[in-house]
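The residues making up each chain are set out below.
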Amino acid sequence: MRVSTTVNGRSYEHEIEPRLLLVYYLRDVLGLTGTKVGCDTSSCGACTVLVDGESVKSCTMLAAQADGCAMTTIEALAVDGALDPLQEAFHDNHALQCGFCTSGMVMAAMSIIREHPGLTEADVREGLEGNLCRCTGYHNIVKAVLAGAGRQAHPVGAAR
Amino acid sequence: MTVTGVPADGRIGTPLLRKEDPPLLTGEARFVEDLVVPGALHAAVLRSPHANARIRSLDISGALASPGVVAAFTGADLREEWAQPLPCAWPVTADIKIPEHLPLAVEHVSYGGDAVAVVVGESREAAVDALDAVVVDYEPLPAVVDLQEALTDRVVVHESLGSNRCYTWSLIPDPAAVDSAFAEAAHVVKERYVQQRLIPNAMETRGVCVVPQPFGGDYTIYSATQIPHILKVMLGIVTGIPEQKLRVVAPWVGGGFGSKLNVYAEEALCLALARRLKRPVRWTEERIENAQATIQGRGMIQEIELAADRDGRVRAVRVNLLADMGAYLQLVTPGIPLLGAFLYHGVYDIPAYAFTCTGVFTTKTATDADRGAGRPEATYAIEPAMDALAHQLGLDPAEVRRRNFIATEKFPYSSAAGLVFDSGDYGPALDQALELAAYEATRKEQQDRRNAGANKRIGIGLSCYVEMCGLAPSRVLASLNYSAGGWEAATVRLMATGKVQVVTGSTPHGQGHETCWSQIVADRLGVDPDDVDVVSGDTALSPAGMDTYGSRSLSVGGVAVWQATEKVIAKARAIAAHQMEASEEDLELVGGSFQVKGTPSRSMAIQAVAFEAFTAHNLPDGMEPGLEAQVTYDPPNFTFPFGTHVAVVEVDSETGDVDLVRYVAVDDCGNQVNPMIVEGQVHGGVVQGIAQALYEEAVYDQDGNLRTSTLTDYLVPSAAEVPSFTLGHTVTPSPTNPMGVKGVGEAGTIASTPAVMNAVLDALAPLGVTALDMPASPQRVWEAVERAKKAAEGEER
Ligand code: FES
Ligand code: FES
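All values derive from a computational prediction rather than experimental measurement.

Caption draft 1: Spotlight on the packing of aromatic side chains. Residues and elements named next belong to chain B. Scanning the entire structure with this criterion turns up 16 aromatic pairs over all chains. For the ring pair Tyr344 and Phe355, a centre distance of 5.4 Å and an interplane angle of 40 degrees mean the geometry is tilted. Of this pair, Tyr344 sits in the loop between helix H10 (336-341) and strand E15 (352-361) while Phe355 sits in strand E15; the two residues are eleven residues apart in sequence, bridging distant segments of the chain. Taken together, the aromatic side chains of Tyr348, Phe405, Phe411, Tyr413, Phe421, Tyr426, Phe640 and Phe642 make up a single cluster linked through ring pairs. Sitting over the face of the ring of Phe182, Arg318 holds its NZ or CZ atom 4.0 Å from the ring centroid. In this structure, Lys364 is placed above the aromatic ring of Tyr700, and the distance from its NZ or CZ to the ring centre is 5.6 Å.

Here is the structure:
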């Protein structure tokens, strides 16, 4: 079947298998491998992207369902070599170690920040419930998201 | 005591932001699964649904006829591919039993998940779909799940071995001393603990892609592994392909925690298939396969006894372990208990020591290294036992610990178990942790709530830990029957333009090697850390290495980088002295330049020296061109980081809910290269340990089926389950290495499990609860409270 999508501002038309999951469409068809696959039970959140502005686990959706949708993946965030402020906050707060969960975390955090004007630590922790990280213990991820939201900008390290 | 935003110039000890981050933050970093390999075939593995069964027949013809399938093989088909079975590199005793472990089982499957056939397709879907068309006729046999039951040999997992008893290993330096300590003891504590099995669950599952060059006979193996160097050696041995024909690349790797410290069936399979089919072959592990066919951690029954005098001074410790090997021995399966075997006396000065461990086969996934490997088990035995002793004596847990600490003036301390602890100063770490946890005030609040009869009870748990890391002095490994050395290699090279390349044998998967190694070199040479490039994880570029595990990277690999840098400086000094017509002794390296002492105007930048070494126009007579040095560093001893963690929990005695309300970690890992990275390691480690205490367990039913093979059943905690942490540190440098560093990758995991469990039991102690298995789920806690209530009622009656 045919789908037309807009991903990271570019329009695409593709012939796809009806059963193709969105995450594999992004990774295998478009080559956007920044979006990761960490499970097959929609538990880990490594595959989180924005679909029409909402954060979605892209392994829970068929590519066919994304027909006509505008999507954003991690690859679109940094512009001309400059990190997005939220990516910057992850960097400044050492919010990633192996980095495998990171793109999903960042994408999930983007919508958490947008949905919570007066973001608190509890909001971040609850909002990230569907995104697993095995390396960081979440401490610095939570700090980074709060910092990225413009609150509590107190990085553990400083810019080089 | 959190690190604040001091400007980081990249020198040792500053929180330089990570060089690794930008590619990871932008999605640019390529993990194995992200590599595009034209023409690659996809392998899918058929796994046994039975824990124990004979394979009566296996028919792959249906799979071969499936669309998109290129080939399919049974274990028998591939038997001739293997020059050797999959390796166990740590046969801990001379009479250890080692079952033959082939990448595909041939006649018999020994755990649920054992591989029996492989299908290779043009796409992953084609291969996976065709698995359904393979017909296997199994004759199911009884499972062996329980460890005590396994010891009876009523059902033997591997008939050819005749018994489920894999080995018994003992460390009893002075049996008479132990016996007399127990005979004379005023107090004896006897405890039994169960280490549930854990699934390491790195967020990236395993993956491998083998690219052959059929005409050159070379193979490049891309694998999500912690150990490309060891893997290269082992895959050569298993497949019979000469080692020099193999190149192993670990690209970006999404966490390991020990689970990628192994040589796996699928790595050997993809290599053999690429050899047979003369095409690239790749395999990606599904999460359910990660639960079943990647190693699991822990899996032990521990008995620990303490003999104490009237004042609570412990005079002897006696430990007996029953360790679950699983169905096969993976790379270091039998050795895991030995990594803890020397540490069951913890941070305490205990003069008599006895340790015995029996490894036993079951029909379950093999166990092996899982963050901490042996040392969390040791700490989880001694620390709850110390609480039990405090309870018996009616003393505060902090006081009992203080009375027994190895005195600071005794370091280097020769332990009864036979190790020499490099350095330690345990009191200040305990003091700081108690202060950060507001210990006195929290004890008072605890008492107030008890007095008020509140359901929400406060519990405070202490864990004073020591670990041994920096694996390992090669001679010590030899004495433990380990088949390899424990050294690490590094090359430091100044290039023509004055930039620096570091080649390290230690392979990162999240630890931040690139940043830390750059800091070490930048600090010594006086260059900008951005001018340092770190190469790792590719055996073609970094041919020598022993890889990453056991918190060894900094204290072995980092020290190798330091020493190589010192060698480079020595050569550079000779060149500078020659060119400046000064004596070497008169030159000092300041801010990246050699200066004549007392005459700083006479100087030569290290970059200029590098260029001179490159052109070789004017070097001292007989000196080789180039400015580089290689070091292979074999550590003279382990390092012994330590610290105190304090957990404060709120336990609802009505519902069994445990809420971790505060967590304090004070760690001493010696000198720190990058305190930001140290803190990150502690955070992550602590959550993994908390997870063992409160959430995670690989559950097998009586038939040997793994009941927790997805992330919906196996509860890896999310941000919503854990709090933020309060961190502190003390610094007691290691005298073992010139950097004074120790290691920190596993400390959090080692310390936190007992801290949390001690806290839960502390909350429940007034209700008469004295024992609780992990994880302390609401159900388990509630049941323990009910049991204690019934027992109390029984007594009253
Ligand atoms: S891949 Fe795990 S939730 Fe999508
Ligand atoms: S940084 Fe490794 S899983 Fe989150």
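Caption draft 2: Summary view of the layout of surface pockets. In this model, the largest pocket occupies a volume close to 1300 Å³. Forming the walls of the largest pocket are 48 residues, and the residues nearest its centre are Tyr24 and Asp28 of chain A together with Glu33, Arg124 and Glu125 of chain B. For the lining of the largest pocket, the secondary-structure elements that each account for two or more residues are helix H1 (22-29) of chain A together with helix H4 (124-131) and strand E12 (281-284) of chain B. Partitioning the lining of the largest pocket into residue classes produces 18 nonpolar, eleven polar and 19 charged.

Caption draft 3: How the structure looks around the sheet that holds strand E5 (residues 70-72) of chain A. Residues and elements named next belong to chain A. Spatially, the five strands line up as an open sheet ordered E2-E1-E5-E3-E4, and their pairing is mixed. Each having just a single partner strand, strand E2 (10-15) and strand E4 (54-57) make up the two edges of the open sheet. Averaged over all pairs of adjacent strands, the angle between their axes in this sheet comes to 35 degrees, without regard to strand direction. With four bridges connecting them, strand E3 (residues 48-51) and E4 associate as antiparallel partners. Opposite Val51, over in E4, you have Glu54 as the bridge partner. Across the face of the sheet, helix H3 (residues 102-115) comes into contact with E3, E4 and E5 while running at roughly 45 degrees to E3.

Caption draft 4: Broad picture of empty space enclosed by the protein. Residue and element names in this part refer to chain B. Going through the model one piece at a time under the given rule, you end up with nine cavities of 30 Å³ or more. Counted as a void, the second largest cavity has a volume near 130 Å³. If you go around the second largest cavity, you meet 19 residues; those closest to its centre are His101, Tyr111, Ala265, Ala293 and Gln330. Among the secondary structure elements, those contributing two or more residues to the lining of the second largest cavity are helix H8 (265-277) and helix H9 (287-293). Taken together, the residues of the lining of the second largest cavity sort by class into ten nonpolar, five polar and four charged.

Caption draft 5: Spatial organisation of the pairing of strand E11 (residues 246-249) of chain B. Residues and elements named next belong to chain B. In terms of strand pairing, strand E10 (residues 218-223) meets E11 through four bridges, oriented parallel. Across the sheet, residue Tyr222 finds its bridge partner in E11, namely Val249. For the handedness criterion, the β-α-β arrangement of E10, helix H7 (residues 228-239) and E11 is classed as right-handed.

Caption draft 6: View of the environment of Ala354 of chain B. Residues and elements named next belong to chain B. As for its position among the elements, Ala354 is in strand E15. C-alpha separation for the pair Ala354 and Asp179, spaced 175 residues apart in sequence, amounts to 9.7 Å. Setting aside its immediate chain neighbours within four residues, Ala354 contacts Leu171, Ile172, Val178, Val317, Arg318 and Val319.

Caption draft 7: View of the interface of chain A and chain B. Between chain A and chain B, the contact holds 50 residues from the first and 67 residues from the second. Summing both sides of the interface, chain A and chain B together bury roughly 4600 Å²; the carbon and sulfur share of this comes to 57%. Viewed at the interface, chain B and chain A are joined by four salt bridges. Here Asp34 of chain B and Arg27 of chain A are joined by a salt bridge, their closest N and O atoms 2.8 Å apart. Mapped by element, the contributors of at least two residues to the side of chain A that touches chain B are H1, helix H2 (85-92), H3, helix H4 (121-127) and helix H5 (139-148) of chain A. No other element matches the four residues that H2 of chain A contributes to the side of chain A that touches chain B. Split into classes, the residues belonging to the side of chain A that touches chain B amount to 20 nonpolar, 17 polar and 13 charged.

Caption draft 8: Region of interest: the environment of Val23 of chain A. Residues and elements named next belong to chain A. Along the chain, Val23 falls in helix H1. Taking the relative accessible area as the measure of exposure, Val23 reaches 1% and is therefore buried. It is 8.4 Å that separates the C-alpha atoms of Val23 and Thr60, two residues lying 37 residues apart in sequence. Not counting residues within four places of it along the chain, the set of residues in contact with Val23 comprises Thr35, Lys36, Val37, Cys47, Ser58 and Cys59.

Caption draft 9: How the structure looks around the side chain of Asn52 of chain B. All names here are of chain B. Within the fold, Asn52 resides in the loop between strand E1 (41-47) and strand E2 (53-59). Here the side chain of Asn52 touches His108 through a polar contact of 2.9 Å, side chain to side chain. Ignoring anything within four residues of it in the chain, the contact list for Asn52 reads His108, Val109, Glu139, Pro140, Leu141, Pro142, Ala143, Val155 and Thr363.

Caption draft 10: Structural detail: the sheet that holds E15 of chain B. All names here are of chain B. Read from one edge of the open sheet, five strands run E7-E15-E14-E13-E8, paired in mixed fashion. Edge positions in the sheet fall to strand E7 (165-171) and strand E8 (187-198), since each of these pairs with one other strand and no more. Averaged over all adjacent pairs, the angle separating strand axes in this sheet is 10 degrees, with direction ignored. Sheet topology places E7 next to E15; six bridges connect them, and they run antiparallel. What sits directly across from Trp169, in E15, is Cys357.

Conventions and cut-offs
Residues numbered from 1 in each chain as written. Chains lettered and ligands numbered in written order. Predicted model: local features only at pLDDT ≥ 70, side-chain atom pairs only at ≥ 80, totals over all residues. Heavy atoms only, no water. Phe/Tyr/Trp six-rings, centres within 6.5 Å; stacked < 30°, edge-to-face > 60°. Helix = DSSP H or I, 4+ residues; strand = E, 2+ residues; numbered from the N terminus. Lys NZ or Arg CZ within 6 Å of the ring centre and 35° of its normal. 1 Å grid on protein atoms, 1.4 Å probe; cavity = no way out; pocket = protein on both sides within 12 Å on 5 of 7 lines; lining within 4 Å. Points joined across faces, edges and corners; volume = space filled by probe spheres on them. Nonpolar A, V, L, I, M, F, W, Y, C, P; charged D, E, K, R; others polar. Pairing = 2+ DSSP bridges. Axes fitted to C-alpha atoms, helices over the stretch in contact; angles between N-to-C directions. Contact = heavy atoms within 4.5 Å. Right-handed = clockwise from strand over helix to strand, strands pointing away. Buried area = accessible area lost by both parts, 1.4 Å probe. Salt bridge = Lys/Arg side-chain N within 4 Å of Asp/Glu carboxyl O. Buried < 20%, exposed > 50% of the residue type's maximum accessible area, 1.4 Å probe, protein only. Polar contact = N/O pair within 3.5 Å; in protein donor to acceptor, adjacent residues only side chain to side chain.

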